[in-house]
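The lines below spell out each chain.
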Amino acid sequence: MSESFRDLLETFENQYPNRDYTIQIVCPEFTSVCPKTGQPDFGTLTITYVPDQRCVELKSLKFYLQRFRNEGIFYENVTNRILDDLVAVLQPRRMTLVAAFTPRGGITTTVTASMTSRHGDAPAA
């Protein structure tokens, strides 16, 4: 997958960096492609984070997530990839991504990935 996906993410300055507050973003129409079958996967992404210095700009997030529409990637990988990209760009205090995928063959899958950063110390992506 191209590193340029991450380049689509834009941020803006957090006006309240001295306060812990939670931002929750729900993306109910996420799509990607199963790398084994080529079938589309549909899911709801819930991104919850406590910002530090930067917040994500929502239009850029939408365009970033749309890039996965034709990407062959497993649930577990796409969840962790999105988390890594957001953490690298935003350097939040805490972030959790819950990816709840619709049933396929009678099985539902939810993948939850979390990251906590020390102030100003973002994990390597």
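Cut-off values and rules
- Residues numbered from 1 in each chain as written.
- Predicted model: local features only at pLDDT ≥ 70, side-chain atom pairs only at ≥ 80, totals over all residues.
- Heavy atoms only, no water.
- Disulfide = S-S within 2.5 Å.
- Buried < 20%, exposed > 50% of the residue type's maximum accessible area, 1.4 Å probe, protein only.
- Helix = DSSP H or I, 4+ residues; strand = E, 2+ residues; numbered from the N terminus.
- Core = buried A, V, L, I, M, F, W, Y, C linked by side-chain atoms within 4.5 Å.
- Contact = heavy atoms within 4.5 Å.

Attention now moves to the state of the cysteines. Two cysteines, two sulfur atoms, one covalent bond between them: this is a disulfide. All chains considered together, the criterion is met by 0 disulfides. There is no disulfide at Cys-27, and the cysteine sulfur nearest it, in Cys-55, is 15 Å away. Using a relative accessible area of 13% as the deciding quantity, one classes Cys-27 as buried. By relative accessible area, which is 3% here, Cys-55 ends up buried.

By the element assignment, Pro-35 lies in the loop between strand 2 (23–33) and strand 3 (40–50). For Pro-35, a relative accessible area of 39% gives the class partly exposed. Distance from Pro-35 to Ile-47, taken between C-alpha atoms, is 24 Å for residues 12 residues apart in sequence.

Here we come to the nonpolar core. What tends to happen in soluble globular proteins is that the nonpolar side chains get buried as a cluster. Membership of the largest hydrophobic core comes to 29 residues, with the highest contact counts inside it found for Leu-61, Ile-82 and Leu-86. For this core, the secondary structure elements donating two or more residues are strand 2, strand 3, strand 4 (54–56), helix 2 (58–66), helix 3 (75–90), strand 5 (94–104) and strand 6 (107–116). Looking at this core element by element, the count peaks at 7 residues for helix 3. When residues no more than four places from it in sequence are discounted, the contact partners of Leu-61 are Leu-9, Ile-25, Ile-47, Val-56 and Leu-86.

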